[in-house]
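# Structural features, examined
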Amino acid sequence: MKQLDKKLKVGVLGATGMVGQRFVTLLADHPWFEIVCVAASPRSAGKTYEKAVGDRWKMTTPMPENVKNLTVYNVNEVEEVASKVDFVFSAVDMTKDEIKKIEEDYAKTETPVVSNNSAHRWTEDVPMVVPEINDHHYEVIKYQKERLGTKRGFVAVKPNCSIQSYAPVLTAWKEFEPTEVVVTTYQAISGAGKTFKDWPEMNANIIPFIGGEEEKSEQEPLKLWGKVEDGVIKKAEGPVITSQCIRVPILDGHTAAVFVKFAKKPTKEQLIDAMVNFSGAPQKLDLPSAPKQFIQYLEDDNRPQVQLDVNYENGMGISVGRLREDTVYDYKFVGLSHNTLRGAAGGAVLSAETLVALGYIEAK
C-alpha cells in the first residue's frame, strides 16, 4: 500500500447528517486522511460538533473523540472552509440545484469535492465511479477542469446505494453479455437517513415506493458502463434494466433479487468464478478501505442475510447467493451490500483513496 508522507487535510460538508456522521466515523483513524474541518447549516455553525449533533447521533459506535470539539463551520462560507483543507467530502442536505452550485463553488476554490450526493451524477463531465468498475472515467476530470477554469479543483461522485448489490455482479459477467435485467431492491431505512427511533412507522412494515429510486436503479449502471468520448461520459446502451424499489424494516443493508438474460449462455460455475475473481483498481493499488475480495459467493440456500453478511469486508464487499437457472430468464441471484458503507460514505472514501493513488488529489 502506498504511504503518504503526510496525511491530507479533509473537510466534511453536511457533517451533522447521517451520511456526514458515517464520514466522521470512517475518517477518525484513517491512515491517509485527517479530518480537520466539519461544516453544516448556519444553525449549527459556531457550536462544537458534539453540541451541534446533540441527541441526533445515529451511528452504533460512539462519536470519535477527535471530532467532538471541532467547531462547526457554516457550509455556505466556501472560501473559509476551503482554506483549511486539501479536499472535501460532500453530504449536504439541500435542493439539487443548491448542491450543484455549492459543490462547483468549492471546486472553483481549487478544492476537490468527493460527493455522496446525487445532484451531479448526470453532469456529463463529472465522473460517477465505483472504483472497482470504472476508475478510468476519472480521465474526464481534465475536461471538467477546463469548464470550471480550475487547476486542481473538480467534483467526483459515487452512484446510488441501491445499485451496489448488483451492478458489480453484472460487471463481473460482462464477457457473457447480459441483455436484460429485472431487479427488485429491498432497501434499509438508513438509506433515507433514518433510524427506527425517528421512523417508527417502518416497524413491521414495508413501503413499495422510494421516490426517484427506480430510475436511478435502471439508469445509473449504464453510466458506470459508459465511455469517455469528446470530453463527456456517454452512457452504455444496455443491458436493459427494469426495477422496483421497496423500503423494508432493516436498519442497514440493501438486498436485491435479480433476474438476468445473457446473449452468451454461461454455466453456473463460470458465473461464480467470474464473480469471486472480479477485482479492480482498489485491490491492485491495495487501498486502505478496499475489500480484499470484492464479491463473495455463499453456497447456503439461506444466504446472504443482512444479520450475517452485511458487514462482510468491513461493509465494503458484496455478498451473493442463490444463483440458479431460471425458467423465464437465464439465471437469478440475490445480492446484498451495506448501503451507508459501500453504498454511501465508505464508497466515497474509497473513491477519494483511488483519486489520491492516481494523482488527482494532492496536498494544496
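Here the structure is shown first, and the text comes after it.
Here is a short report on the structure shown in this document. (Residues numbered from 1 in each chain as written. Predicted model: local features only at pLDDT ≥ 70, side-chain atom pairs only at ≥ 80, totals over all residues. Heavy atoms only, no water.)

Scanning the chain from N- to C-terminus turns up 13 helices and 14 strands. Oriented by its inertia axes, the alpha-carbon framework of the chain measures out at about 60 × 50 × 35 Å. Put simply, of all contacts in the chain between residues at least 6 apart along the chain, 76% involve residues at least 24 apart. Roughly 15500 Å² of accessible area belongs to the chain as shown, and the carbon and sulfur atoms make up 48% of that amount. Within the chain, one finds 44 positive and 50 negative side-chain charges whose respective centroids are separated by 3 Å. (Helix = DSSP H or I, 4+ residues; strand = E, 2+ residues; numbered from the N terminus. Contact = heavy atoms within 4.5 Å. Areas by Shrake-Rupley, 256 points an atom, 1.4 Å probe, with all protein chains shown as cover. Lys, Arg positive; Asp, Glu negative; His and termini not counted. Charge placed at Lys NZ, Arg CZ, Asp CG, Glu CD.)

Now for unusual backbone geometry. Cis geometry marks the peptide bond from Gly238 to Pro239; its omega dihedral reads 10°. With respect to the element layout, Pro239 can be found in the loop between β9 (232–234) and β10 (240–247). In this chain, Arg303 is followed by Pro304 through a cis amide linkage whose omega measures 5°. Relative to the helices and strands, Pro304 resides in the loop between β12 (295–298) and α12 (306–309). Although it is not a glycine, Glu177 sits at a positive phi angle of roughly 55°. Residue Glu177 is classed as partly exposed on the basis of its relative accessible area, which comes to 37%. With a phi close to 55°, Asn314 is a non-glycine residue in the positive phi region. Along the chain, the position of Asn314 falls in the loop between α12 and β13 (318–325). The exposure class of Asn314 is exposed, given its relative accessible area of 65%. (Buried < 20%, exposed > 50% of the residue type's maximum accessible area, 1.4 Å probe, protein only.)

Moving on: the pattern of salt bridges. This structure, assessed with the given rule, holds 14 salt bridges. A salt bridge links Glu65 to Lys68; the nearest nitrogen and oxygen atoms lie 2.9 Å apart. Here Lys68 and Glu65 lie together in helix α3 (residues 65–68), a separation of three residues that amounts to about one turn. Its relative accessible area of 58% is what places Glu65 among the exposed residues. The residue Arg303 makes a salt bridge to Asp309 at a minimum N-O spacing of 2.6 Å. The buried category is assigned to Asp309, whose relative accessible area is 4%. (Salt bridge = Lys/Arg side-chain N within 4 Å of Asp/Glu carboxyl O.)

Attention now moves to the packing of aromatic side chains. Taken as a whole and assessed by the stated rule, the structure comprises 12 aromatic pairs. Taking 6.4 Å as the distance between ring centres and 65° as the angle between the ring planes, the aromatic pair formed by Phe33 and Phe89 counts as edge-to-face. Within this pair, whereas Phe33 is found in strand β2 (residues 33–40), its partner Phe89 is found in strand β4 (residues 87–90), the two being separated by 56 residues in sequence. For the residue pair Phe33 and Phe89, the accessibility class agrees, reading buried in each case. Relative to Phe333, the ring of Trp173 has its centre 5.3 Å away and its plane inclined at 85°; by these criteria the two rings are edge-to-face. In this pair, Trp173 is assigned in the loop between α8 (167–172) and β7 (178–187) and Phe333 in strand β14 (residues 331–337), connecting sequence segments 160 residues apart. Like Trp173, the residue Phe333 is buried in the burial classification. Through a chain of ring-to-ring contacts, three or more aromatic side chains come together here, namely Phe23, Trp32, Phe33, Phe87 and Phe89. One cation-aromatic arrangement involves Lys261 over Tyr329; the distance from NZ or CZ to the ring centre is 4.9 Å. (Phe/Tyr/Trp six-rings, centres within 6.5 Å; stacked < 30°, edge-to-face > 60°. Lys NZ or Arg CZ within 6 Å of the ring centre and 35° of its normal.)

A few words now on the nonpolar core. Among the nonpolar cores identified, the biggest contains 55 residues, and Tyr106, Trp173, Trp225, Met275, Ile295, Leu323 and Phe333 are the most heavily contacted of them. Among all residues touching Phe333, those that are not within four sequence positions of it are Ser165, Tyr166, Val169, Trp173, Ala256, Ala257, Val258, Val260, Val320, Gly321, Arg322 and Leu323. Among the nonpolar cores identified, the runner-up in size contains 42 residues, and Val12, Met18, Val24 and Met63 belong to it. (Core = buried A, V, L, I, M, F, W, Y, C linked by side-chain atoms within 4.5 Å.)

Quick reminder: α-helices carry 3.6 residues per turn. Residues three or four places apart thus point the same way. Taken together, the buried positions of helix α7 (residues 141–148) are Ile141, Gln144, Lys145 and Leu148. Down the axis of α7, the sector holding all buried residues measures 105°, keeping them to one side. Residues of α7 that are buried make contact with α5 (96–108), β6 (155–157) and α13 (341–357). Where α7 terminates, the next one or two residues include Gly149, which has phi positive at roughly 70°. (Arc of directions from axis to C-beta.)

What follows covers the sheet that holds strand β1 (residues 8–13). With parallel pairing, the six strands of this open sheet are ordered in space as β3-β2-β1-β4-β5-β6. Unpaired on one side and paired on the other, β3 (72–74) and β6 mark the two borders of the sheet. Looking at each pair of strands side by side, their axes are set apart by 30° on average, direction ignored. In the sheet, strand β5 (residues 113–115) pairs with β6 via three bridges, with the strands oriented parallel. Counterpart to Val113 in the pairing with β6 is Val155. On top of the sheet, α5 reaches β1, β4, β5 and β6; it is set at about 155° to β5, its chief contact. (Pairing = 2+ DSSP bridges. Axes fitted to C-alpha atoms, helices over the stretch in contact; angles between N-to-C directions.)

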